[in-house]
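Here is how the chains run, residue by residue.
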Amino acid sequence: MKIDEKFDIDKPLWDQSTFLGRFKYFVFIADCRMIFVSDKKLREAKKFCEDYKMGKIPPGTQMSDIIRAKKYRDSAFHPDTGELIHVIARLSSQWPASVILTTSMLAVQKSTTAMVACQVVNQIYDAVINYTYRGSLNGITNTALRNAFLCAVFSSSLATILCRRMLSRKGNVFTRCVPFCAVVTGQMVNLPIIRYKEITTGTPLYIREEKEPFMRSQVAAMKGISECLITRIAMCFPCLLMIPILSHKFMPCFSQRRPWLSTAIESFSCALFCMIAIPSSYAIFPERNSMNPKWMKLHASEYEEFKRCVKERVDKVYYHKGL
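Remember, predicted model here, so these are calculated numbers, not experimental data.

**Side note on the packing of aromatic side chains**
Per the counting criterion, the structure on display carries 7 aromatic pairs. Here Phe26 and Tyr282 contribute two aromatic rings whose centre-to-centre distance is 5.1 Å and whose plane-to-plane angle is 25 degrees, an arrangement assigned as stacked. Here Tyr282 lies in helix H12 (residues 259-282) and Phe26 lies in helix H1 (residues 19-29), a separation of 256 residues in the sequence. Residue Phe26 is classed as buried on the basis of its relative accessible area of 8%. By relative accessible area, Tyr282 is classed as buried at 4%. Grouped by ring-pair contacts, the aromatic residues Tyr25, Phe26 and Tyr282 constitute a single cluster.

**Things to note about helix H5 (residues 112-132)**
The end-to-end C-alpha separation of H5 is 30 Å, in line with the 30 Å expected for 21 residues at 1.5 Å each. Residues of H5 that are buried: Met115, Val116, Cys118, Gln119, Asn122, Gln123, Tyr125, Asp126, Ala127, Ile129, Asn130 and Thr132.

**Points about the UniProt feature "transmembrane region" (unreviewed entry) in the protein**
Look at the UniProt record and you will see "transmembrane region" (unreviewed entry) annotated at residues 229-248 and 260-285. Helix makes up 100% of residues 229-248 and strand makes up 0%, while its end C-alpha atoms are separated by 28 Å.

**Observations regarding the packing of helix H2 (residues 39-53) against helix H3 (residues 63-76)**
Helix-helix packing is characterised by the crossing angle of the two axes and by the distance between the axes. At a minimum axis distance of 8 Å, the contact between H2 and H3 shows a crossing angle of 115 degrees. Where H2 crosses over H3, the handedness of that crossing is left-handed. Residues Lys41, Leu42, Ala45, Lys46, Phe48, Cys49 and Tyr52 of H2 pack against Ile66, Ala69, Lys70, Tyr72, Arg73 and Ala76 of H3. Residues belonging to the contact of H2 with H3 are distributed by class as follows: 9 nonpolar, no polar and 4 charged.

**Here's the deal with the packing of helix H4 (residues 94-107) against helix H10 (residues 218-250)**
H10 packs onto H4 with a crossing angle of 30 degrees between their chain directions and a minimal axis gap of 11 Å. When the axes of H4 and H10 are compared, the pair comes out roughly parallel. Crossing hand, H4 versus H10: right-handed. Contacts between H4 and H10 involve Gln94, Thr102, Met105 and Leu106 from the first element and Met235, Cys239, Leu240, Ile243 and Pro244 from the second. Per-class residue counts for the contact of H4 with H10 are 7 nonpolar, 2 polar and no charged.

**Description of the side chain of Gln94**
Examined against the element boundaries, Gln94 turns out to sit in helix H4. Residue Gln94 is classed as buried on the basis of its relative accessible area of 6%. Among the polar contacts listed, one links the side chain of Gln94 to the side chain of Tyr282, at a separation of 2.9 Å. Residues contacting Gln94, with those up to four places away along its chain left out, are Tyr125, Met235, Ile278 and Tyr282.

**Re the nonpolar core**
Ranked by size, the top nonpolar core spans 32 residues in total, and within it Leu91 and Leu240 carry the most contacts. Contributing elements (two or more residues each) for this core: H1, H4, H5, helix H8 (178-194), H10 and H12. Ignoring sequence-local partners within four residues, the contact set of Leu240 consists of Thr102, Met105, Leu106, Arg176, Cys177, Pro179, Phe180 and Val183. The next biggest cluster of nonpolar side chains, apart from the first, holds 15 residues, and it includes Leu42, Ala45, Tyr52 and Tyr72.

**Concerning the environment of Met242**
Relative to the helices and strands, Met242 resides in helix H10. Placed 189 residues apart in sequence, Met242 and Lys53 show a C-alpha to C-alpha distance of 45 Å. Not counting residues within four places of it along the chain, the set of residues in contact with Met242 comprises Phe237 and Phe273.

**A short note on the state of the cysteines**
Scanning all chains against the criterion turns up 0 disulfides. With no disulfide of its own, Cys239 lies closest to Cys274 among cysteine sulfurs, the gap being 3.3 Å. You can call Cys239 buried: its relative accessible area is 1%. Take Cys274: its relative accessible area is 3%, and that puts it in the buried class.

**Here we look at the environment of Cys118**
With respect to the secondary-structure elements, Cys118 resides in helix H5. A residue is classified by how much of its surface remains accessible, and Cys118, at 14% relative accessible area, is buried. Separated by 16 residues in the primary sequence, Cys118 and Thr102 place their C-alpha atoms 9.0 Å from one another.

**Some thoughts on the pattern of salt bridges**
Enumeration over the complete set of coordinates arrives at 12 salt bridges. A cluster of three or more residues bridged by salt bridges with shared partners is formed by Asp10, Lys53, Lys70, Arg73 and Asp74.

**Digging into H2**
Its 15 residues place the ends of H2 21 Å apart at the C-alpha level, agreeing with the 21 Å of an ideal helix rising 1.5 Å per residue. Taken together, the buried positions of H2 are Leu42, Ala45, Phe48, Cys49, Asp51 and Tyr52. The elements touched by buried residues of H2 are H3. A positive backbone phi angle near 85 degrees is found at Gly55, which sits one or two residues after H2.

Conventions and cut-offs
- Residues numbered from 1 in each chain as written.
- Predicted model: local features only at pLDDT ≥ 70, side-chain atom pairs only at ≥ 80, totals over all residues.
- Heavy atoms only, no water.
- Phe/Tyr/Trp six-rings, centres within 6.5 Å; stacked < 30°, edge-to-face > 60°.
- Helix = DSSP H or I, 4+ residues; strand = E, 2+ residues; numbered from the N terminus.
- Buried < 20%, exposed > 50% of the residue type's maximum accessible area, 1.4 Å probe, protein only.
- Expected span 1.5 Å × (residues − 1).
- UniProt positions renumbered as here; feature names shortened; annotations may be inferred.
- Axes fitted to C-alpha atoms, helices over the stretch in contact; angles between N-to-C directions.
- Left-handed = near helix turned anticlockwise from the far one by under 90°.
- Contact = heavy atoms within 4.5 Å.
- Nonpolar A, V, L, I, M, F, W, Y, C, P; charged D, E, K, R; others polar.
- Parallel < 35°, antiparallel > 145°, perpendicular 65-115°, else oblique.
- Polar contact = N/O pair within 3.5 Å; in protein donor to acceptor, adjacent residues only side chain to side chain.
- Core = buried A, V, L, I, M, F, W, Y, C linked by side-chain atoms within 4.5 Å.
- Disulfide = S-S within 2.5 Å.
- Salt bridge = Lys/Arg side-chain N within 4 Å of Asp/Glu carboxyl O.

Structure, rendered in structure tokens:
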């Protein structure tokens, strides 16, 4: 792309209708090197993008400068509100945070108290992510955030204790899968409570490329939340389920003779798996996803409203599923 070939700087650089395009986009904005970029440079990048949309391009600007400014803006600012996201909650911080959390969960297997403590820390981090990426149309109240956090901590802690008791009799490999069960339980409780407002009032629906919604749909809200749950579960599957199984099968000698080497290998595996799992999981579903209007027949009154609002033949309606 040449400098005189102006493009829509608000849209991703890759086709979001394909898995590979979405994967490249999330690799682009989740680059952990963005953690070290100062707030001043980030705000300058946002200002540059705003000027670029108005046709104000400084002399000597290269296409690489435009792409870099877009990367800084997309990785550090909320897509709806335009607010600067705290460095801990940015997608660029998710890889190092996930490595630390998953490595800790796999390392503290002998103490139930330590395992519960890891779950509490993990749920705090999830609550920060959920609050940060709340939708501008479906805001999360402090009460909802607190309730979701407490319920998620309680459910994940309870799952840790119960699964540890039940699986400890079946062998070490099953016991090491307890963190996965606890994290999945916490996510299944956390997300629906955080996004209860969408479930009760519906999420905005759009036709094709229109920016204004024509109605709200509870069916689309449930579909979007389910897709987010699948994404979150897929994200923790490689580190919290595959690594314990592979370690049990291939590294028993290291565990007995050189325990530190086993821990080092698991830590490296977590880093490698998270690097692939995070963008891959986010790329499973498009952020602006679609569904057949016939899905709304599950909610009869909603389908009737759709037929009143849309007179022409429409094969797909679109909605934002969130993260």
